[in-house]
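Results of the structural survey
These are the residues of each chain, in order.
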Amino acid sequence: MHHILDYQISLNLEELSRSRPISKRKIVSFLNRFQFESILQYVQIPRLSLAPGEPSPSNTTETRKSRKAGLDGIGREDCHSILSYLAQTKGVRKIIELIVDDDQDPPHKDDIIVSLGSFDIEIFNWKKLDLCTETIYKAAPNANKIVLYSSGNNAVLRSWSSIDGLAGFPNLKEVEVYVRQRVESAATTKENIAQFKKRMAENCPQVTPDNLYVKMIRITEAAAVATTATSGNAPPGGEVVSLHINTWMHTMESFGVFVRNIPESSLDPDRRPIKVAVIDDGIDALYNDEQFANTLVGGESFCTGPYRKPYFFSSTGHGTLMADLVQRVCPKVKLYVARLDEIQGENKMQPTAESAARLLQAIRWAIDQEVDIISMSLTVPARYETVIRPAIVEADQKKILLFGAASDQGYNVSGKVYPAQFREVFCIGAAKATGRVDSAAEAQADYVFPGGEFSDIKTTAMQGTPEHAWGSSFATALASGLTALILDCAEIVGYGKQYRNVLRMKENMDLVFRGMISEGFTVANSGQAKNQSYIPVTQFFTTDISTGMWDTEGKQRFKKLVKNILRPVIERKI
């Protein structure tokens, strides 16, 4: 069953333009998980890459026959299902700014644009060449700003600037026009633009010269303007990542299956779900809808720019993989996603300079969600230490466990990186599957988790090469997931009420980790492989439990395991 996610005051689908083909049904099904305000700040729809052969109003056998007969036209209808869904199902009545990329051949039919009349639109920006003002008027009669795209056809420029053109919009105050220079010479095009401005001054005086912007675009520049709303540095695609089997991950995933299958009726009545905030570059909840159906609760975007990228998309897939790792280790977790802008580092997500400062807001947002854990598989340089610190201290005081990635690549500068270097944060480094510590992490990490060689992780979320998420990014997500699992197991067996707040203190979770390390390697009797910062999970989450039944004997084994893991805290009698 899908969770209904939080209210949205805007809809930005721009990252669908960099994705593999998807069906409109899938998009609508995904949007159904959100609530929308009746007034949206903006709606941004890119050039969609639709799955081939998808049944739709523009691609049915009947329609194709009509097209062949020349009756129905060949214009696109891709946006219709999204926009009509917002109006009819989600109750959206007003869109402050509408931005639609429509420079594909063929573009959308005018009928589809006219159907926008059900919305009250203030800023109309439909990127279709030579769009008729009558069509625009039917779609957005109350527009106060209109953005137009001209092929360079002077007849269209004359129509727009005539008394029957833009002058007919009673609330119009601002106009932008992008004129392609291709067929006509540059000199002729400039003269046509000059005449257009002159006629606008005569026929449409409500648009003052200061609010009339006209730019000539040479054909080599046209594509750049057409893709303004979908600019970005993310690579295309959505390749599947498949990495080889790893004992650590195999152990935790097997145990996770066992925990996932514990009947809800058997859980302690006072159990509270464990909430983890993942601060990264977002989570691709559209392509991984089923994957996060029972774990994703909500999120917030802290991206910069006028059209804020939503948290439910990810530019690189990095945040998606981090969230997936957390839920694979702790399958009953509840995920809260905070998105920052990113510059792609070699091994981890690195926020842009401006977005790094917004990490403070993201942490405080997570605090407001009353999460138990904040996972940050990212690094920011030392100059942001004083900016971020107040939120870190506040989270620690609120008994939220914080995890940050050690620097294994970072900004390629000397000195400390944050947030991992704050004393309130568990600094997590990367180890090989054997427990051997990566040299880059050894000096600074509190604990190391697998990060360089990995399991049979398969996700359609990752874009680019899998290496860009290796190292301490993986390790930090796993550390957050293991901690969430320990907290959840305590809740399941009834320790939550007594130890809930105690276990959410860094010093006490540190006792738990140290106890696991000490006992785990003692049991394994593997002094030659002993590492004082690597948690040997195979000594605790054993197959006799993960493959057993949830009967009286199974419950006793499970509770014994949890008690053993929490022993350092229980014996301390806090």
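Above this note sits the structure.
These numbers were taken from a predicted model, which means no experiment stands behind them. (Residues numbered from 1 in each chain as written. Predicted model: local features only at pLDDT ≥ 70, side-chain atom pairs only at ≥ 80, totals over all residues. Heavy atoms only, no water.)

**Here's the deal with the packing of aromatic side chains**
The cut-off we apply is this: Note on ring pairs: Phe, Tyr and Trp rings are taken, using the six-membered ring of Trp, and paired if centres are within 6.5 Å. Classes follow the plane angle, with under 30 degrees stacked, over 60 edge-to-face and the rest tilted. A run of DSSP states H or I qualifies as a helix once it reaches four residues; a run of E qualifies as a strand once it reaches two. Both are numbered from the N-terminal end. The buried label goes to any residue with under 20% of its type's maximum accessible area, the exposed label to any with over 50%, and the partly exposed label to all in between, with areas taken from a 1.4 Å probe on protein chains only.
Under the criterion given, the structure shown has 26 aromatic pairs. Centre to centre, the rings of Trp248 and Phe449 are 5.9 Å apart; their planes meet at 75°, and the pair counts as edge-to-face. Taken as a pair, Trp248 in helix α9 (residues 247–260) and Phe449 in strand β20 (residues 447–450) lie far apart in primary sequence, 201 residues in all. The class of Phe449 is buried, set by a relative accessible area of 1%.

**Overview of the nonpolar core**
Worth spelling out the cut-off: For this analysis, a nonpolar core means a set of buried residues of the types Ala, Val, Leu, Ile, Met, Phe, Trp, Tyr and Cys, connected via side-chain atoms within 4.5 Å. When checking whether two residues touch, look at their non-hydrogen atoms; a contact exists if any pair is within 4.5 Å.
Grouped together as the largest cluster of nonpolar side chains are 129 residues, with contacts concentrated most on Phe124, Phe541 and Phe558. The biggest single contributor to this core is helix α15 (residues 472–492), with 13 residues. Residues within four places of Phe541 in sequence aside, it is in contact with Thr251, Met252, Phe255, Leu482, Leu485, Met516, Leu561 and Ile565. By size, the runner-up hydrophobic cluster in this structure holds 29 residues, among which are Tyr336, Trp365, Leu378 and Tyr384.

**Side note on the pairing of strand β7 (residues 145–150)**
Here is the rule we go by: Here, strands pair whenever DSSP counts at least two bridges between them. Crossovers are marked right-handed if the path from the first strand over the helix to the second runs clockwise, as seen with the strands pointing away from the viewer.
For β7, the buried fraction is high: 6 of the 6 residues fall into the buried class. What you see with β7 is no split at all: Lys145, Val147 and Tyr149 on one side and Ile146, Leu148 and Ser150 on the other are buried throughout. Bridge analysis of strand β6 (residues 120–127) against β7 gives 2 bridges, and the strand direction is parallel. Its bridge partner being in β7, Ile123 is matched across the sheet by Lys145. Once you follow β6 into helix α5 (residues 133–139) and on to β7, the crossover reads as right-handed.

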